Amino acid sequence: MNRTVSRWAFLKRWETILVLILLAICFVNSLASPYFLNPHNLFDSTQSFSEKAMIVLSMTLVIIGRDIDLSVASNVALCSTAMGWLALHGLPTSALLLASILVGTAAGMFNGLVITRFRVPAIVVTIGTLSLFRGIAYIVLGDQAFTRYPANFSELGQGYLFNLIPYEFLVFMGLAAAFYVLLHRTVIGRNLFAYGNNPDAALYSGIQVNRYRFWFFTLNGAMCGLAAAFLTSRIGATRPNMAQGWDMEAIAMVVLGGVSIMGGSGTLLGVLLSVFVMGMLTFGLGLINIPGIMMTVVVGFLLIGAIATPIVARKLSDWRRERAGA
Amino acid sequence: MSKSPLKTGPNRDVILGLIVAALLVLIAIRAPVFMSSGSLDTLVTDGALLGMMAVAQMLPILTGGIDLSMPANMAFTGMATALLSKAHPAMPVLATVAIALAIGLVLGAFNGCFIAYLGIPPIVVTLGTMSIYRGAVFMLSRGAWVNAQDFGKPYLAFPMGRLLGLTHIFWIAALLIAAAYVFLNHMQKGRELYALGGNPPAAKYVGINNTHNKMLIYLLTGLASGLCGYLWVARYAIAYTEIALGFELQTVAACVIGGVSIAGGRGSVPGTLLGAAFLVIIFNALPIINVSPFWQMAISGTVVLAAVIINSRGERSQGKVILEPERGTSAKVAS
């Protein structure tokens, strides 16, 4: 009926709103600093969010499937710890990258396995692994840090194509395209939306819901591994408290992108836009010297605001319609 | 099949109680100093704080929710009262407690409005307010610490004062936990919470007001956080931005170990207390048996996972199973 039509119209409008917000932020940023619009500077600013954004892509799929993963930040710390330990034992950069992705994938698989095999809510399992993964990093590192990496390791997170575009931004954009195709152009994506909307109906129509969930958690873990490799390479050190707060930021970006936290709806374009909105906002706040902890306050408000706004809007319109009807 | 001894209920509590007792005996054999009066006193006071917060955490979990913002609320309330005590050293304890409760209540109400009236999942709201409140601590203190010598005398003296040999913190906790037990088991409102978590649509049909009960829950967790924020700061005689960081995981862990179902509707005060005791005993024993405190995080994670897996066996036989293999997703975040 026309209810679905109006819902799509709303989604389109949400993405339009995001574009407008993004333009406004860029405008304010360019006022705050004359160097902001310099292409070198613009591309550099992407480095502060590219790694996180890789996890956001796979987190989008997890959330559309009615799940949630609170362990991503801890997973990043775990992968980085594995890399640091292997680097001490003299492994080259390529092996470190591979190891990080493997460790992340294994950790994601572990999440998926416990969640689907024992039929427990994702939230409580990932609260457990949140402690476990970072806990392992603490056991290995204590109050120490791994800082000895191969000479060419920093190229990964600090290198540029044509001396302009950071590799990690390129990788992120490539992944974003791949995730777009996966979510909106394949049967896998259609099935994901189906079971995100109604898991029981999807199951009865032959979709192997738990198998999908398992693999999306695995994919999320793999993205954590990849992000950990770039992050570690960029900052050149592994500390057990690294990437703290990324879980909340990643979830906030997904939700701000218009993905329903109840599952079943959302677009990759919206998420991509919200990644840029948050990235440019962070960068702008950095330009005017706002401390990092204040950034988490902004993210917290955005997270709640992004969900509350459409609900309040709907309640208001319902209320108006009721009054008009009465 | 439903006779699994590990499912929630008095049986499960007895088994968990035996495990906790065995744990105590093992540690006492390995390191007799653990059973010294000084060590036990620390254990009881630490346990009182975790016990109070875990029982508070149980309320939202019973209804299928969660409150991750409690430690941030504690940190804010703790810092606010600490700064007040610094400015007015003679402030009476009663005023401090009243202010702590009031601040905690306001922060809890903020959560409650979004959760109860707008229907936003508790996990999202409290994940957001967790960082908002934590950032607010930083704004309030400008990142500075309040150290032991800055506090007023009564502020520090009351929580660590003693009655019958035990700290006031212990007695406050005992009183509140007993009140929670009576509330949940013998009062209509308390029983409504179980109904709400066990079967929300059915609860609605029998006339239980979802909105008011949810609001009530987050007001209660707010009050508990406010009070514990003051007690925590006074106990350690220091206030800084990162107070109780990560404590939400321990409260959830205590609940899960104690047999509270994260999907809602199941859980008991004694179980949760035993879960808290289990964690506190392990954490306090680590340095005594020469294990680095850096193991804490991994241990609590492992214990949570183990408890979740064991609980899942007890819960699975619920309801009528229509299709045996692959039952799809159970609700991830109940609203």
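Residues numbered from 1 in each chain as written. Chains lettered and ligands numbered in written order. Predicted model: local features only at pLDDT ≥ 70, side-chain atom pairs only at ≥ 80, totals over all residues.

### Re the overall build of chain B
Along chain B, the regular secondary structure elements total 13 helices and two strands. Scaling as 2.2 N^0.38, a compact globule of 335 residues should have a C-alpha radius of gyration of about 20 Å, and chain B matches this with 20 Å. Along the first, second and third principal axes, the C-alpha set of chain B runs to 65 × 50 × 35 Å. In chain B, which comprises 335 residues, the proportion classed as buried is 49%. Within chain B, residue pairs in contact and separated by at least 24 positions form 79% of the contacts whose partners lie at least 6 positions apart. (Helix = DSSP H or I, 4+ residues; strand = E, 2+ residues; numbered from the N terminus. Rg over C-alpha atoms; globule rule 2.2 N^0.38 Å. Buried ≥ 20, exposed ≤ 12 C-beta atoms within 10 Å, placed from the backbone. Contact = placed C-beta atoms within 7 Å.)

### Observations regarding the overall build of chain A
When you go through chain A residue by residue, the secondary structure sums to 14 helices and two strands. Taking the principal axes of the C-alpha coordinates as reference, chain A spans close to 75 × 55 × 35 Å. Buried positions account for 51% of the 326 residues belonging to chain A. Contacts spanning at least 24 positions in sequence make up 81% of the contacts within chain A whose residues lie at least 6 apart.

### Side note on the interface of chain A and chain B
Each partner contributes to the interface: chain A provides 47 residues, whereas chain B provides 41 residues. Residue assignment for the side of chain A that touches chain B shows that the elements contributing at least two residues are α6 (122-141), α10 (199-204), α11 (209-235), α12 (246-256) and α14 (292-325) of chain A. Looking at the side of chain A that touches chain B element by element, the count peaks at 15 residues for α6(A). Across the side of chain A that touches chain B, the residue classes tally to 32 nonpolar, nine polar and six charged. (Nonpolar A, V, L, I, M, F, W, Y, C, P; charged D, E, K, R; others polar.)

### Things to note about the packing of helix α3 (residues 47-64) of chain A against helix α8 (residues 167-185) of chain A
All names here are of chain A. Where α3 contacts α8, the axes come no closer than 9 Å and their chain directions differ by 15 degrees. When the axes of α3 and α8 are compared, the pair comes out roughly parallel. Crossing angle aside, the handedness with which α3 passes α8 is left-handed. Judged by residue contacts, Q47, S50, E51, A53, M54, L57 and L61 of α3 engage E168, F169, F172, L175, A176, F179 and L183 from α8. Grouping the amino acids of the contact of α3 with α8 by side-chain chemistry returns ten nonpolar, two polar and two charged. (Axes fitted to C-alpha atoms, helices over the stretch in contact; angles between N-to-C directions. Parallel < 35°, antiparallel > 145°, perpendicular 65-115°, else oblique. Left-handed = near helix turned anticlockwise from the far one by under 90°.)

### Thoughts on helix α4 (residues 72-88) of chain A
Across its 17 residues, α4(A) extends 25 Å between first and last C-alpha, which sits within 8% of the 24 Å expected from 1.5 Å per residue. Looking one or two residues past α4(A), G90(A) carries a phi angle of roughly 85 degrees, positive in sign. (Expected span 1.5 Å × (residues − 1).)

### A word on the nonpolar core
Formed by 199 residues in total, the largest nonpolar core has its most connected members in V76(A) and V256(B). Broken down by element, this core gets its largest block of residues, 14 residues, from α11(A). Excluding residues within four positions of it along the chain, V76(A) makes contact with C224(A), A227(A), A228(A), L231(A), M242(A), A243(A) and W246(A). (Core = buried A, V, L, I, M, F, W, Y, C linked by C-beta atoms within 7 Å.)

### Points about unusual backbone geometry
Residue and element names in this part refer to chain A. At R66, a residue that is not glycine, the phi angle is positive and equals roughly 70 degrees. Relative to the helices and strands, R66 resides in the loop between α3 and α4. Its 26 C-beta neighbours within 10 Å are what place R66 among the buried residues. Unlike most non-glycine residues, R119 shows phi in positive territory, near 50 degrees. For R119, the position within the fold is in the loop between α5 (93-117) and α6. For R119, a count of 16 C-beta atoms within 10 Å gives the class partly exposed.

### Quick look at helix α6 (residues 153-160) of chain B
All names here are of chain B. When we look at burial in α6, the residues that qualify are Y155, F158 and P159. Within α6, the buried residues cover an arc of 85 degrees as seen down the axis, which keeps them to one side. Contacts from the buried residues of α6 go to α3 (70-87), α4 (93-117), β2 (166-167), α7 (168-186) and α10 (210-236). (Arc of directions from axis to C-beta.)

### Let's talk about the packing of α3(B) against α4(B)
When two helices pack together, their arrangement is given by the angle between the helix axes and by the axis-to-axis distance. All names here are of chain B. Viewed as axis vectors pointing N to C, α3 and α4 meet at an angle of 145 degrees, and their least axial separation amounts to 9 Å. In the packing of α3 onto α4, the handedness of the crossing is right-handed. Residue-level inspection shows N73, F76, T77, A80, T81, L84 and S85 of α3 in contact with α4, the latter providing T96, I99, A100, I103, G104, L107 and G108. For the contact of α3 with α4, the residue count by class is seven nonpolar, seven polar and no charged.

### Concerning the environment of I165(A)
One can find I165(A) in strand β2 (residues 165-166). For I165(A), a count of 16 C-beta atoms within 10 Å corresponds to the partly exposed category.

### Remarks on the confidence of the model for chain B
All names here are of chain B. For chain B, per-residue confidence averages 84 on the pLDDT scale, and residues scoring 70 or more make up 90% of the total. Note on residues 1-7: pLDDT under 50 across the span, and 14 contacts to partners over four residues away in sequence or across chains. Segment residues 326-335 is flagged for pLDDT under 50; beyond a separation of four residues in sequence, or across chains, it makes 32 contacts in the model. The complex prediction reports pTM at 0.84, with the ipTM value standing at 0.80. (pLDDT = per-residue confidence, 0-100.)

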